Amino acid sequence: AQDRDRFSREPAYTYLLKREFEEYGTKMRSDNDRGDESPEGELTDGILDQLAKFERAKTAERSRRGKLQKARSGKVVGGHPVNYGFRMNAARDGYEVDEERMAIVRRIFRMVGVEGVSTHGVTKRFEAEGVPNPAGSKYWSKRIIKAFLLDDLYKPHTFEEIARLVSTEAASKLDPDKEYGVWWFNRRRTSRTPVS
């Protein structure tokens, strides 16, 4: 590898990988190895491994801080699928309504809220009509319908409610007579870590 951190940025994993390679009579080498087989060389390589781990953690911290600042200023943070019924604006920092898809979202709310159709009934009606689900498949699930009904992005919030959530600068760009949905940053964050 060009750099030691290409093997792993977790020193413990690098150590285990190194030992496993040694069992087969091979060695891990990188262009930026500073050490040799001596205790001093292993210390130097260990320090480099710890620095790579630290650098990764600091990069992740700065990235999170930047995304949080962007969200606080009233902008949508990219890097995730755009919510159904919307598309990113030209600046890629906010949503615009996609009228064709938003008509389906409005229809879901009308069917459940006004007509009293169950979520299962909505799925069956959409499937019978051939309305594609958000992923483009012909099959809908109650879970998808419930997600629309529970998401703050699709619920109307007054200007006053929104003004309490965003910066003064972001609130000044909103029309006080309109209602808005809320796109939450980092609210539903989940992570999956593979464990060997």
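Everything that follows concerns the structure shown earlier in this document.
This section reports on the structure supplied with the text. (Residues numbered from 1 in each chain as written. Predicted model: local features only at pLDDT ≥ 70, side-chain atom pairs only at ≥ 80, totals over all residues. Heavy atoms only, no water.)

Attention shifts here to the overall build of the protein. Counting secondary structure elements, the protein contains seven helices and two strands. Put simply, the protein runs from its N terminus to its C terminus through helices and strands in the order α-α-β-β-α-α-α-α-α. By its C-alpha atoms, the protein is 75 × 45 × 25 Å across when sized along the principal axes. Considering the protein as a whole, with its 196 residues, one finds that 27% of them fall into the buried category. Of the roughly 14000 Å² of accessible surface on the protein, 51% is carried by carbon and sulfur atoms. (Helix = DSSP H or I, 4+ residues; strand = E, 2+ residues; numbered from the N terminus. Buried < 20%, exposed > 50% of the residue type's maximum accessible area, 1.4 Å probe, protein only. Areas by Shrake-Rupley, 256 points an atom, 1.4 Å probe, with all protein chains shown as cover.)

Below, the discussion takes up the packing of helix 3 (residues 99-114) against helix 4 (residues 119-129). Axis separation between helix 3 and helix 4 bottoms out at 11 Å; the angle between their running directions is 135 degrees. Of the possible angle classes, the one that applies to helix 3 and helix 4 is oblique. As for how helix 3 packs across helix 4, the hand of that crossing is right-handed. Counting all contacts with helix 3, which are made through Ile-104, Arg-107, Ile-108, Met-111 and Val-112, the residues of helix 4 involved are Val-122, Arg-125, Phe-126 and Glu-129. (Axes fitted to C-alpha atoms, helices over the stretch in contact; angles between N-to-C directions. Parallel < 35°, antiparallel > 145°, perpendicular 65-115°, else oblique. Left-handed = near helix turned anticlockwise from the far one by under 90°. Contact = heavy atoms within 4.5 Å.)

The next subject is helix 2 (residues 39-72). Across its 34 residues, helix 2 extends 49 Å between first and last C-alpha, which sits within 8% of the 50 Å expected from 1.5 Å per residue. Of the residues making up helix 2, those classed as buried are Gly-41, Asp-45, Asp-49, Ala-52 and Ala-71. At its buried positions, helix 2 is contacted by helix 1 (11-23). Just past helix 2, the residue Gly-74 takes up positive phi, approximately 90 degrees. (Expected span 1.5 Å × (residues − 1).)

Our next topic: the nonpolar core. When a protein is soluble and globular, its nonpolar side chains tend to lie buried together. Residues Ile-104, Ile-108, Val-122, Phe-126, Trp-140, Phe-148 and Tyr-154 are the most contacted members of the largest nonpolar core, which totals 21 residues. Elements with a contribution of two residues or more to this core: strand 1 (86-88), helix 3, helix 4 and helix 5 (142-150). Setting aside residues no more than four positions away along its own chain, Trp-140 makes contact with Ile-104, Ile-108, Thr-123, Phe-126, Glu-127, Val-131, Pro-132, Asn-133, Pro-134, Ile-145 and Phe-148. (Core = buried A, V, L, I, M, F, W, Y, C linked by side-chain atoms within 4.5 Å.)

In this section: the packing of helix 4 against helix 5. For any two helices packed against each other, the geometry comes down to the angle between their axes and how far apart the axes lie. Taken N-terminus to C-terminus, the directions of helix 4 and helix 5 make an angle of 115 degrees; their axes are 8 Å apart at the nearest point. Between helix 4 and helix 5, the interaxial angle falls into the category roughly perpendicular. For the element pair helix 4 and helix 5, the recorded crossing hand is right-handed. Contacts from Thr-119, His-120, Val-122 and Thr-123 of helix 4 reach helix 5 at Lys-142, Ile-145, Lys-146 and Leu-149. Classifying every residue of the contact of helix 4 with helix 5 by side-chain character gives three nonpolar, three polar and two charged. (Nonpolar A, V, L, I, M, F, W, Y, C, P; charged D, E, K, R; others polar.)

The next subject is the side chain of Asn-83. Here Asn-83 lies in the loop between helix 2 and strand 1. Beyond its immediate stretch of four places on either side in the chain, Asn-83 contacts Tyr-95, Asp-151, Leu-153, Tyr-154 and Trp-183.

Taken as a whole, helix 5 has its buried residues at Ile-144, Ile-145, Phe-148 and Leu-149. Taken end-on, helix 5 shows its buried residues confined to a sector of 135 degrees, consistent with a single buried face. Across from the buried face of helix 5, at angles greater than 90 degrees, the exposed residues are Arg-143 and Leu-150. In this structure, the buried residues of helix 5 make contact with helix 3 and helix 4. (Arc of directions from axis to C-beta.)

All right, on to the pattern of salt bridges then. Across all of its chains, the model carries 15 salt bridges by this definition. Among the ionic pairs, Asp-5 bridges to Arg-6, the shortest N-O distance being 3.3 Å. One salt bridge connects Arg-87 with Asp-98, and the closest N-O pair in it is separated by 4.0 Å. Of this pair, Arg-87 sits in strand 1 while Asp-98 sits in the loop between strand 2 (95-97) and helix 3, and the two are eleven residues apart along the sequence. Arg-87 gets classed as partly exposed once you look at its relative accessible area, which sits at 39%. Overlapping salt bridges bring together Arg-4, Asp-45 and Asp-49 as one network. (Salt bridge = Lys/Arg side-chain N within 4 Å of Asp/Glu carboxyl O.)

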